Amino acid sequence: MISVFLGPPGSGKGTQAKKFSAEKGVPQLSTGDMLRQAISAGTALGRSAQEFMSRGALVPDEVVIGLIRERTQRPDCQGGFILDGFPRTIPQATALDALLSEISREVSAAILFEIQDSALVARLTGRRTCVTCGAMYHLLSMPPRKTGVCDQCGGELIQRDDDREDVIRKRLAVYHQQTAPLVEFYRQRGMLSPVDASASPDAVYREVKSKLAVDTQP
Ligand code: AMP
């Protein structure tokens with residue numbers, strides 16, 4: 001199973017991918033998480049990515065394609081994986097097809113997280129992430145038991161720099177301009193499975209699992 005989770009920022013791709021990955025043991029490959037790790041580690045790649053990310057722009061295609069090429073070659077990806085936040089442009093999608101065809105594989109499904117922009121700004125400004133384990137919370141819909149502290153590991157909860165309202169609006173514009181064309185790309189290939197991402201996290205998870213069931217059954 002090689003699934004692409006596609007949708008605007010804040011649509012729940014990351015939350016759902018993490019949950020599915022934990023339950024089914026399928027690796028979740030998030031280019032956003034990989035880039036944030038590079039920033040924390042202070043690598044040259046991280047420093048150049050930060051400049052794009054802090055203003056809500058996309059990191060250049062060749063950078064993220066390189067990250068995915070390297071990550072998909074690791075042994076844990078042999079049984080399949082979920083791509084969360086990649087591809088985000090048509091050139092990334094065609095590069096993905098090319099690198100998968102080198103190993104005689106292909107994308108099996110693209111799950112589209114459908115939701116109105118108006119719901120996303122509120123979702124993203126309330127989002128908090130654990131600096132230690134990456135667990136995600138929301139001040140209104142999924143608050144931690146203790147303010148600012150992760151329920152799972154006791155780590156500090158922070159707001160991502162790019163979850164500020166001005167940057168969020170830029171990220172949404174970038175999504176509509178550069179990523180939305182992928183909806184048609186996967187629809188034409190008969191791979192697109194839309195889910196209603198405005199529903200509760202549990203309801204979305206049930207829908208995601210039912211769409212992926214065909215791929216994960218032995
Ligand atoms: P995310 O955590 O998926 O919302 O990504 C956060 C930021 O990382 C994005 O706003 C981009 O700046 C960058 N990023 C993540 N994935 C990609 C990608 N596939 N292509 C280009 N930039 C990306």
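This text follows the structure it describes.
What you are looking at is a predicted structure, and each value in this text was computed from that prediction instead of being measured.

(A) Highlighting the site of the ligand. The full set close to the ligand counts 16 residues, and Thr31, Arg36, Ala57, Gly85 and Gln92 are the nearest of them. Thr31 is positioned such that a nitrogen or oxygen atom in its side chain is 2.8 Å from a nitrogen atom of the ligand. Backbone polar atom of Val59 to a nitrogen atom of the ligand: 3.1 Å apart, as the coordinates give it. If the ligand stood free it would expose 480 Å²; the protein chains cover 96% of that surface. For the shell around the ligand, the element with the highest residue contribution is helix H2 (residues 31–41), accounting for four residues. Split by residue class, the shell around the ligand holds seven nonpolar, four polar and five charged.

(B) Representation of the sheet that holds strand S4 (residues 109–114) in the model. Read from one edge to the other, the open sheet built from five strands follows the order S2-S3-S1-S4-S8, with strand pairing classed as parallel. Two strands in the sheet have a free side with no partner beyond their single neighbour: strand S2 (28–30) and strand S8 (192–196). Averaged over all adjacent pairs, the angle separating strand axes in this sheet is 25°, with direction ignored. Examined bridge by bridge, S2 and strand S3 (residues 81–84) share three bridges and lie parallel to one another. When the bridges of S3 are listed, Gln28 appears paired with Ile82.

(C) Just the sheet that holds strand S7 (residues 157–158), in detail. An order of S6-S5-S7 is seen for the three strands of this open sheet, with the pairing classed as antiparallel. If you trace the sheet from one side to the other, it starts and ends with strand S6 (136–138) and S7, each paired once. When strand S5 (residues 127–130) meets S7, the two strands line up antiparallel, connected through two bridges. By the bridge assignment, Thr129 is partnered in S7 with Ile158.

(D) Highlighting unusual backbone geometry. Residues Phe86 and Pro87 are joined by a peptide bond in cis, for which omega reads -5°. Looking at where Pro87 falls in the secondary structure, it is placed in the loop between S3 and helix H5 (90–101). The phi angle at Ser104 is positive, at roughly 55°, despite the residue not being glycine. Looking at the element boundaries, Ser104 is found in the loop between H5 and S4.

Here is what the cut-offs are and how they apply
Residues numbered from 1 in each chain as written. Predicted model: local features only at pLDDT ≥ 70, side-chain atom pairs only at ≥ 80, totals over all residues. Heavy atoms only, no water. Near = heavy atom within 4 Å. Polar contact = N/O pair within 3.5 Å; in protein donor to acceptor, adjacent residues only side chain to side chain. Areas by Shrake-Rupley, 256 points an atom, 1.4 Å probe, with all protein chains shown as cover. Helix = DSSP H or I, 4+ residues; strand = E, 2+ residues; numbered from the N terminus. Nonpolar A, V, L, I, M, F, W, Y, C, P; charged D, E, K, R; others polar. Pairing = 2+ DSSP bridges. Axes fitted to C-alpha atoms, helices over the stretch in contact; angles between N-to-C directions.

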